[in-house]
Amino acid sequence: MFKMSYRTIGPAVALVLLALATAARAQLPPPPTNATRLQQVMFSAVVNMCVKDLDNHQFTDARQNDLHDQCHAIAGANLVNGVGSAAPDTALGSLQQVSGNEVTTQGSLSTRVSGGQFGNIAGRLNALRFGSSVSLSQGVTAQNTGVGESLGSGSQAFAFDRASLESAREGYSPPVALQSAGSPYGGSLIRTRYAGDESYGVAQTGAASRASGTGVEPGGVQSPWGVFLQGSYNSGRHDQTDNEDPFNFHSVSVTAGVDYNFGSAVLGASIGHDNFDAGVRPSGTTVSGGSTRIKTTSGSVYGAWFGPAWYFNGIFNYGSLKTDQSREVKYTATYAAGFDPQSIPGSTDQCTGTTCTVTVDRLLVANPGGNTFAVGATAGYQYAAFGWDLSPSLSVNYRRVKFDSFSESDPSVANDGLALSFGERTIESLRSILGGQVSKPISVSFGIVAPVVRVEWDHEFKTGARSIAAHYTFDPSCVNGVCDSNFALPTDTPAANYGVAGAGVVVTLARRVQAFVFDEAQFGYSKYHSNSVTLGVRGQF
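Residues numbered from 1 in each chain as written. Predicted model: local features only at pLDDT ≥ 70, side-chain atom pairs only at ≥ 80, totals over all residues. Heavy atoms only, no water.

Caption draft 1: Here's a closer look at the packing of helix 2 (residues 62–78) against helix 3 (residues 89–97). Helix 3 packs onto helix 2 with a crossing angle of 140° between their chain directions and a minimal axis gap of 8 Å. Judged on the interaxial angle alone, helix 3 and helix 2 are oblique. The chirality of how helix 2 crosses helix 3 is left-handed. Of helix 3, the residues touching helix 2 (which contributes Ile74, Ala77 and Asn78) are Ala91, Leu92, Ser94 and Leu95. Grouping the amino acids of the contact of helix 2 with helix 3 by side-chain chemistry returns 5 nonpolar, 2 polar and no charged. (Axes fitted to C-alpha atoms, helices over the stretch in contact; angles between N-to-C directions. Helix = DSSP H or I, 4+ residues; strand = E, 2+ residues; numbered from the N terminus. Parallel < 35°, antiparallel > 145°, perpendicular 65-115°, else oblique. Left-handed = near helix turned anticlockwise from the far one by under 90°. Contact = heavy atoms within 4.5 Å. Nonpolar A, V, L, I, M, F, W, Y, C, P; charged D, E, K, R; others polar.)

Structure (structure tokens):
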């Protein structure tokens, strides 16, 4: 067992000597007075391991001998001004360098893993809803008569008869009237209706209608099956806090799916791939850099019901994930000679006179796996006013991401003793989203263009403090994961409230093809900035 004895070396420097004793373990020294919470946690873990397990031992495992050297260098550097005093910035930096807090980027990115797929599928459902209502207007009858809200030019013309809107909402919609192919307004209209429900009056001229000379196509969709391909790109940054390192991030999410159109409802399935990449930005002596890449493959089932005004949809997503994690560990720790009286062969200490210095430049990597689960539901109401379509909505989303336990390794330094082991980790998010959307369908020569603006307020219910269980992999005291170096890595608490605002456009073309693009930005989330762009195309077969 060990106790601590104190003596003064020089006129102003107080040092702590860790000496062998048979007495009961003495109280450990407190962290430096200017340490952050994270640095305090690491100081306690490092000193506890030094005193209890590494002092006056020479191990057969060179990694444990290296851990002995680093432990004493870091502890000595932080106590160089004496117990209960402030430590130099470089010493505090060494504590943060060996904390492994780069792993906190997992939490920041993990809830976005299912978020990418949710966003893509929600875009698909919005496009279907817009299409079901004659390209953004439920109940509006499309007419190729040259009268209506707007008129294109050339061989195709697209227009809306807004006068039928209110009667359509009451369950009645006039028949769709098309001019003959020989008319100056002849050509193709967009056919986006789901089934033979005249309240979703839309039309497309074709060979049959032209041959009949009626210019009117019977109700119903030629094929109820639809396919879509959608991708989104998200980028942003996380500013440095006391608990978490600064990083820039970007992500790509791709979703492909197929759905069946029942008329006023749709049911579909999709597969998706997400690639989230974060690069830790160097910052002074505390952060040297690193990266986190999370790759997921997932499947989703979704469904929606569209009424004349109300609409509801739901999404279920499950997938597996793999993380490629790396962190750079760079520091120089200077402490008084004699603080570590034990001489170990192969020691990295460089001593000259009254001081010793340890310089470290290493890279630690890991590849933990895991899984992700998410479910969400949305209810909304759509109505028209003065030529605009307005749609308030309320969503509830639950997401859970689980990371398996893992241990780091050094691919370059065989005797690196600074590797950490992290426990299994589960991150949950439960959010309500109150949103409002405004759109206006505009007829043009090639189809229907609908600008869209959306604003939402997100409220996070699971805002409790999160921590990450860890210990030094080569701590000799470890038994079934219980070690003297066990510590709980603190993280930032999630923001309870923040907003998202975005704008985009949906374009409905002939031959039942629809394309859309949407850009949105997050605001009101302290230390976190995010922007995303979504692109998609869908068709029926």
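There's plenty left to go through after this.
Caption draft 2: Local environment of the nonpolar core. Of all hydrophobic cores here, the largest spans 46 residues; its most connected members are Val98, Tyr331, Leu418, Phe422, Tyr472 and Phe487. When residues in this core are grouped by element, the largest group, 10 residues, is from helix 1 (residues 37–54). Among all residues touching Leu418, those that are not within four sequence positions of it are Asp66, Leu67, Gln70, Val98, Arg327, Val329, Tyr331, Val360, Arg362, Leu364, Glu408 and Tyr472. One finds Phe247, Val287, Leu321 and Ile427 within the second-largest nonpolar core, a separate group that totals 13 residues. (Core = buried A, V, L, I, M, F, W, Y, C linked by side-chain atoms within 4.5 Å. Buried < 20%, exposed > 50% of the residue type's maximum accessible area, 1.4 Å probe, protein only.)

Caption draft 3: Highlighting the state of the cysteines. Applying the stated criterion across every chain, the model contains 3 disulfides. Across the disulfide from Cys478 sits Cys483; the S-S distance is 2.0 Å. With the S-S dihedral at roughly 115°, the linkage between Cys478 and Cys483 falls on the right-handed side. On the accessibility criterion, Cys483 (8% relative accessible area) is buried. (Disulfide = S-S within 2.5 Å.)

Caption draft 4: Quick look at the sheet that holds strand 20 (residues 467–472). Judged by pairing direction, the sheet is antiparallel, and its 4 strands sit side by side in the order 15-16-20-21 without closing on themselves. Of all strands in the sheet, those with a lone pairing partner are strand 15 (406–407) and strand 21 (487–490), marking the two edges. Bridge analysis of strand 20 against strand 21 gives 4 bridges, and the strand direction is antiparallel. Across the sheet, residue Ile468 finds its bridge partner in strand 21, namely Leu489. (Pairing = 2+ DSSP bridges.)

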